Amino acid sequence: MLATPDSATTRVPRLSARRRRIGIAFLVVGACGWLGWIAWRMMTLALNPIPIAALAIEIGGFAIGVVVAFALANVDRPRSTYADDRRDPWRYAFAVADRVERTRAADLHREVRSAAGAARRPGRRTRADVAIGCVLIDGPRRLAMILVAVFGLLFGVSPMPMPSVAVLVSLAIGVGGLSFAIVVLSQGRIALGDRLRWTYGSIGELLIRDDIDGVAPRRWMGTVGTIVVVNLAIALRGISDRWTHGLPTMDNEMRVVAMVYAVTLVLGSLYTLITTAAPQLDNAHLVSRRLEERTARQSALGGALCVGLIGLLAGILPGCVDPGDDHAGRIEHVTQLQVGSGVGD
């Protein structure tokens, strides 16, 4: 763990009663929206590992948000926070740690294991401890969501059925209400989008143990890797259903849902890249290597986006993508009928 810069701990004014009431109101509204969405998901749940895993991930995201908001609402005299870079993906995790008076995480690759080990050990845990544990597992939850989207596209299983407008409104209310609750209860220390940036930026640190000299930091590479992998899965699904038929077939409606689900993850990754400060090179001797790496990374990113767009258009544009229409046996059967009818005449 990495301690906050000042161990003397300067206190800031406590959360006012009016702000706490507003934050709790947003929390209640968000919870109602989320419960409406989860109820619909459970009623329409297919008995398949992919939609079951998707539902579990969504419930986990809702629970994490509620726990963090509740911990922020019950801080007595929060520790003063520090002027971090607003474009730092770790800003969300640092802000929560500062507000609930816990040390900041230094390396997510190691901290997640520590949090898992602490959860298995008996003993009393405070709201702050649970909140920090939830913040740490938010990154693995995002990684699991990406895997669900990719495997769903490759195996031909949608994470969910086609939602109605009312259900989507309920989800929007849930996400918006919970997000505003955290912003209000943190006294503006956490901004909208910080949690999203944190979950995507932490993927690289989960998968890679240490940064590599001359290469962009892990938190940056993980986001780029997400864009590349998800776009390739979209491309494979769209091209397969439209032309090659190499993957298991999907119903048109389910394919659109699975692709839109994956596209939202790509958009989240792009938002993270756009709103995150570009990595800086500290070692001047590695400038040429960094330039080569950046060129290769940008080329891979641009190529993946183009291929993903082609697959997306192939998958959602109207037209026949039924492999049965290209089935050789069916074509032969029609030909035989035509020949037989010609002979009879």
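If you're wondering where the values come from, they're calculated on a predicted model, not measured in any experiment.

A.B. asks: How would you sum up the overall build of the chain? Please name residues and give values.
C.D. replies: Counting its regular elements, the chain contains twelve helices and zero strands. Counted from the first residue to the last, the chain has its helices and strands arranged as α-α-α-α-α-α-α-α-α-α-α-α. Here the chain holds 345 residues, and 44% of them are scored as buried. A separation of at least 24 residues holds for 83% of the contacts in the chain among residues at least 6 apart in sequence.

A.B. asks: Lay out helix α2 (residues 49-73) with the relevant residues and their values.
C.D. replies: With 25 residues, α2 extends 36 Å from end C-alpha to end C-alpha; this agrees with the ideal 36 Å at 1.5 Å per step. Here α2 starts with a cap whose side-chain oxygen sits 3.0 Å from the backbone nitrogen of Ile50, and that cap is Asn48.

A.B. asks: So what's going on with the nonpolar core? Which residues, and what values?
C.D. replies: Grouped together as the largest cluster of nonpolar side chains are 68 residues, with contacts concentrated most on Tyr92 and Ile234. Top contributing element to this core by residue count: helix α5 (residues 127-155), with 13 residues. Those residues in contact with Ile234 that lie beyond four places of it in its chain are Leu153, Met259, Ala262, Val263, Val266, Gly308, Gly311 and Leu312.

A.B. asks: How would you explain the packing of helix α3 (residues 91-99) against helix α7 (residues 194-201) if you had to name every residue and give the values?
C.D. replies: The relative placement of two packed helices comes down to the angle between their axes together with the axis-to-axis distance. The N-to-C vectors of α3 and α7 enclose an angle of 115°; their axes lie 7 Å apart at closest approach. Packed against α3, whose contacting residues are Arg91, Tyr92 and Ala93, the element α7 presents Asp194, Arg195 and Trp198 at the interface. Counted by class, the contact of α3 with α7 contains three nonpolar, no polar and three charged residues.

A.B. asks: Any details on unusual backbone geometry? Residues and values, ideally.
C.D. replies: A positive phi is found at Gln187, a non-glycine position, where the angle reads about 60°. Summarising the element assignment, Gln187 is placed in the loop between α6 (165-185) and α7. For Gln187, a relative accessible area of 29% puts it in the partly exposed group. Here the phi dihedral of His245 falls at roughly 60°; this positive angle occurs in a residue that is not glycine. Locating His245 in the fold gives a position in the loop between α9 (218-244) and α10 (252-275). Taking relative accessible area as the criterion, His245 reaches 25% and is therefore assigned partly exposed.

A.B. asks: Requested: an account of a nonpolar patch on the surface, with residues and values cited.
C.D. replies: A surface patch of nonpolar side chains, amounting to about 340 Å² of accessible area, comprises Val29, Val165, Val169 and Ile173. Broken down by element, the nonpolar patch gets its largest block of residues, three residues, from α6. Here Val29 shows up in helix α1 (residues 17-43). Residue class for Val29 comes out partly exposed when judged on its relative accessible area of 44%.

A.B. asks: I'd like to hear about the pattern of salt bridges, residue by residue, with values.
C.D. replies: Throughout the structure, instances matching the rule amount to eight salt bridges. The salt bridge involving Arg195 is made with Asp138; its shortest N-O contact spans 2.7 Å. Of this pair, Arg195 sits in helix α7 while Asp138 sits in helix α5; the two residues are 57 residues apart in sequence, bridging distant segments of the chain. With respect to class, Arg195 is no different from Asp138; both count as buried. In this structure, Arg197 engages Asp194 in a salt bridge whose closest nitrogen and oxygen atoms are separated by 2.9 Å. Of this pair, Arg197 and Asp194 are both found in helix α7, three residues apart, which corresponds to roughly one turn of the helix. Its relative accessible area of 5% is what places Arg197 among the buried residues. Salt bridges sharing partners connect three or more residues here, namely Arg91, Asp194 and Arg197.

A.B. asks: Summarise the confidence of the model for the chain; cite the residues concerned and give the values.
C.D. replies: In this model, the chain carries an average pLDDT of 81, and 74% of its residues clear a pLDDT of 70 or more. Overall, residues 326-345 carries pLDDT values under 50, and its contacts beyond four positions in sequence, including any with other chains, amount to three contacts.

A.B. asks: Any details on the side chain of Asn231? Residues and values, ideally.
C.D. replies: Topologically, Asn231 is positioned in helix α9. According to the relative accessible area criterion, Asn231 is buried, its value standing at 5%. Excluding anything up to four places from it in sequence, Asn231 contacts Val266, Ala304, Leu305 and Gly308.

A.B. asks: An account of α5 is requested, with residue identities and associated values reported.
C.D. replies: Look at α5: 40 Å from first C-alpha to last across 29 residues, which is about the 42 Å you get at 1.5 Å a residue. The sharpest bend along α5 reaches about 30° and sits at Asp138, with the proline Pro140 one to four residues further on. In the stretch just after α5, Gly156 is the one whose phi turns positive, near 75°.

A.B. asks: Mind laying out the environment of Arg102, listing which residues take part and the relevant values?
C.D. replies: The topology assignment puts Arg102 in the loop between α3 and α4 (108-120). Sequence spacing of Arg102 and Ala131 is 29 residues, and the spatial spacing of their C-alpha atoms is 9.9 Å.

How each quantity is defined
- Residues numbered from 1 in each chain as written.
- Predicted model: local features only at pLDDT ≥ 70, side-chain atom pairs only at ≥ 80, totals over all residues.
- Heavy atoms only, no water.
- Helix = DSSP H or I, 4+ residues; strand = E, 2+ residues; numbered from the N terminus.
- Buried < 20%, exposed > 50% of the residue type's maximum accessible area, 1.4 Å probe, protein only.
- Contact = heavy atoms within 4.5 Å.
- Expected span 1.5 Å × (residues − 1).
- Polar contact = N/O pair within 3.5 Å; in protein donor to acceptor, adjacent residues only side chain to side chain.
- Core = buried A, V, L, I, M, F, W, Y, C linked by side-chain atoms within 4.5 Å.
- Axes fitted to C-alpha atoms, helices over the stretch in contact; angles between N-to-C directions.
- Nonpolar A, V, L, I, M, F, W, Y, C, P; charged D, E, K, R; others polar.
- Patch = residues over 30% accessible without salt bridge, like charges linked within 9 Å, V, L, I, M, F, W, Y side chains within 5 Å.
- Areas by Shrake-Rupley, 256 points an atom, 1.4 Å probe, with all protein chains shown as cover.
- Salt bridge = Lys/Arg side-chain N within 4 Å of Asp/Glu carboxyl O.
- pLDDT = per-residue confidence, 0-100.
- Bend = angle between axes of the 7 residues up to and from the residue.

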